[in-house]
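# Per-entry structural report
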Protein chains: 2
Amino acid sequence: MIFSKRCLHALRAVLYLGTQPPERDFIPIREISKKLDIPFHFLTKILKDLADKGFIESSRGAAGGIRLAKPTAELNVKEIIESIEGEDYFSGCILGFSKCDSDNPCALHDRWVAIKEEIQKMLGEEHLEVLSTRIQEQGLRLLEM
Amino acid sequence: MIFSKRCLHALRAVLYLGTQPPERDFIPIREISKKLDIPFHFLTKILKDLADKGFIESSRGAAGGIRLAKPTAELNVKEIIESIEGEDYFSGCILGFSKCDSDNPCALHDRWVAIKEEIQKMLGEEHLEVLSTRIQEQGLRLLEM
DNA sequence: CTAATTGCAGACAAAGTTGTCTTAATTAAA
DNA sequence: TTTAATTAAGACAACTTTGTCTGCAATTAG
Ligand code: SF4
Ligand code: SF4
């Protein structure tokens, strides 16, 4: 499994938000927790992170909850993953080195850069709007079967 | 960073073995540990795993150490990574689900499958033999700079 | 045989990730 | 204004990963 639990929970939660009918405003975290079977308090922390990073907004109190902070067309899978796993998750060195002279690359570098660019390109194209459409057409599996 | 420390250590160690002159037989783990700055006992455990999985062979005692168990042409980066991170590391579900009906895929599936196949193809082509040649030509960076 | 050298095994510790619980702060509605 | 609903905050626990330490087992050299 490539992504951490934090990341998987975050992805599924955001996808859940993206598939809610537009007339719904704030969605309680408890609802997401139950529907997606994610530990409530853990999910709360994860979503607080996403809120701090500007992906979602929250409101306390009755009728409170969370909602996407941007239109779905401006949210893609790549930036959500990177905000959780780290900005260099798809762009760092394959050997885990932090400082490296890419002008004088090692034997693995070129191949690795090609993979990374492919991943980033593909995930970057996946905005929630496109996904929402496809989810309406095909359904989205958000729970273990 | 996509890979665990275990995996990075294993990769670097195997690459180190692959770049040793052929007249060297068993290489002491201590040497690898020092040269690559990897904790000795941790590395020992990791390499024991690789030995159990048939990638390397070991010999105790004076003049002992480890060596690759197969010709470099038959060892590629993909199988080493998968042996450590798990066989489904590049083939599992993007949402982390274990059981899923791929005949009736969700909205993310097709794109994800394309990425995974690309990764597996590229990493599967990287056998140590090719790398060794390139390493002789270009050098391989095995240490943080 | 003895001694030196090496990998092997397992207990343990440190650090990071994942998850639980309790309490406080905030908001809307009765 | 009270009450119920909800996020926020932080302490803590369970688990996993990463790393350390000590001693044992096997091999070679002398
Ligand atoms: S040149 Fe090699 S070591 Fe440096 S960033 Fe690229 S893959 Fe990593
Ligand atoms: S169909 Fe969706 S949930 Fe199922 S394996 Fe593919 S990506 Fe995962």
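Residues numbered from 1 in each chain as written. Chains lettered and ligands numbered in written order. Predicted model: local features only at pLDDT ≥ 70, side-chain atom pairs only at ≥ 80, totals over all residues. Heavy atoms only, no water.

## Let's talk about the nonpolar core
Note the following rule: Nonpolar cores were defined as sets of buried Ala, Val, Leu, Ile, Met, Phe, Trp, Tyr and Cys residues, with membership established by side-chain atoms within 4.5 Å. Using a 1.4 Å probe on the protein chains alone, a residue whose accessible area is under 20% of its type maximum counts as buried, one over 50% counts as exposed, and one in between counts as partly exposed. Contacts are assigned to residue pairs with any non-hydrogen atoms lying within 4.5 Å of each other.
The biggest cluster of nonpolar side chains holds 89 residues, and the ones touching the most others in it are Phe3(A), Ile32(A), Ile81(A), Phe3(B), Ile32(B) and Ile81(B). Once residues within four sequence positions are removed from consideration, Phe3(A) is found in contact with Leu8(A), Ile81(A), Glu85(A), Tyr89(A), Phe90(A), Ile94(B) and Trp112(B).

## A word on the protein's contact with DNA strand C
Rules: A cutoff of 4 Å decides nearness: a residue is near a molecule or strand if any of its heavy atoms lies inside that distance of it. N or O atoms within 3.5 Å of each other form a polar contact, as long as, within protein, one can give a hydrogen and the other can take it, and as long as residues adjacent in sequence are counted only when both atoms are side-chain atoms.
Not every one of the 24 residues close to DNA strand C is listed here, only the nearest: His41(A), Phe42(A), Ile29(B), Ser58(B) and Arg60(B). Here DNA strand C approaches the protein such that, of its atoms within 4 Å, sugar and phosphate make up 70%. Here a base oxygen of DNA strand C sits 3.3 Å away from a polar atom, N or O, in the main chain of Gly61(A). Between DNA strand C and Ala62(A), the relevant distance is 3.0 Å, taken from a base oxygen to a main-chain nitrogen or oxygen of the residue.

## Points about the protein's contact with DNA strand D
Selection criterion: Per the convention used, a helix needs a DSSP run of H or I reaching at least four residues, while a strand needs a run of E reaching at least two, with both numbered from the N terminus. Polarity classes work like this: nonpolar for Ala, Val, Leu, Ile, Met, Phe, Trp, Tyr, Cys and Pro, charged for Asp, Glu, Lys and Arg, and polar for all others, with Gly in that last group.
Within the structure, DNA strand D sits among 24 residues, and Ile29(A), Ser58(A), Arg60(A), Phe42(B) and Lys45(B) are positioned closest to it. Restricting the count to atoms of DNA strand D within 4 Å of the protein gives a sugar and phosphate share of 69%. Lys45(B) places a side-chain nitrogen or oxygen 3.0 Å from a base oxygen of DNA strand D. Taking Ala62(B), its main chain carries an N or O atom lying 3.2 Å from a base oxygen of DNA strand D. For the surface near DNA strand D, the secondary structure elements donating two or more residues are α3 (40-52) and β1 (56-59) of chain A together with α1 (5-18) and α3 (40-52) of chain B. Per-element accounting of the surface near DNA strand D gives the leading share, four residues, to α3(A). Of the residues belonging to the surface near DNA strand D, the class tally is seven nonpolar, 10 polar and seven charged.

## Regarding the site of ligand 1
Around ligand 1 there are eight residues in total, and Cys93(A), Cys100(A), Pro105(A), Cys106(A) and His109(A) lie nearest to it. Close to ligand 1, residues of chains A and B are found. Considering only residue class, the shell around ligand 1 consists of six nonpolar, one polar and one charged.

## What to know about the packing of aromatic side chains
Each aromatic ring pair is summarised here by two numbers: the centre-to-centre distance and the angle between the ring planes. Stated precisely, the cut-off is as follows: Put simply, two rings from Phe, Tyr or Trp (the six-membered ring, in Trp's case) pair if the centres are within 6.5 Å, and we call them stacked under 30 degrees between planes, edge-to-face over 60, tilted for the rest. Counted as over-ring charges are cases with an Arg CZ or a Lys NZ within 6 Å of the ring centre that also lie within 35 degrees of the ring normal.
For the structure shown, the criterion picks out eight aromatic pairs over all chains. On the basis of an interplanar angle of 35° and a centroid distance of 6.1 Å, the ring pair of Phe3(A) and Trp112(B) is categorised as tilted. Of this pair, Phe3(A) sits in the segment before α1 (5-18) while Trp112(B) sits in helix α5 (residues 109-124), which puts the two residues in different chains. Comparing Phe3(A) with Trp112(B), the two get one shared label, buried. Through successive ring pairs, a cluster of aromatic residues spans Phe3(A), Tyr89(A), Phe90(A) and Trp112(B). Just above the ring of Phe40(B) sits the side chain of Arg30(B); from NZ or CZ to the centre is 3.8 Å.

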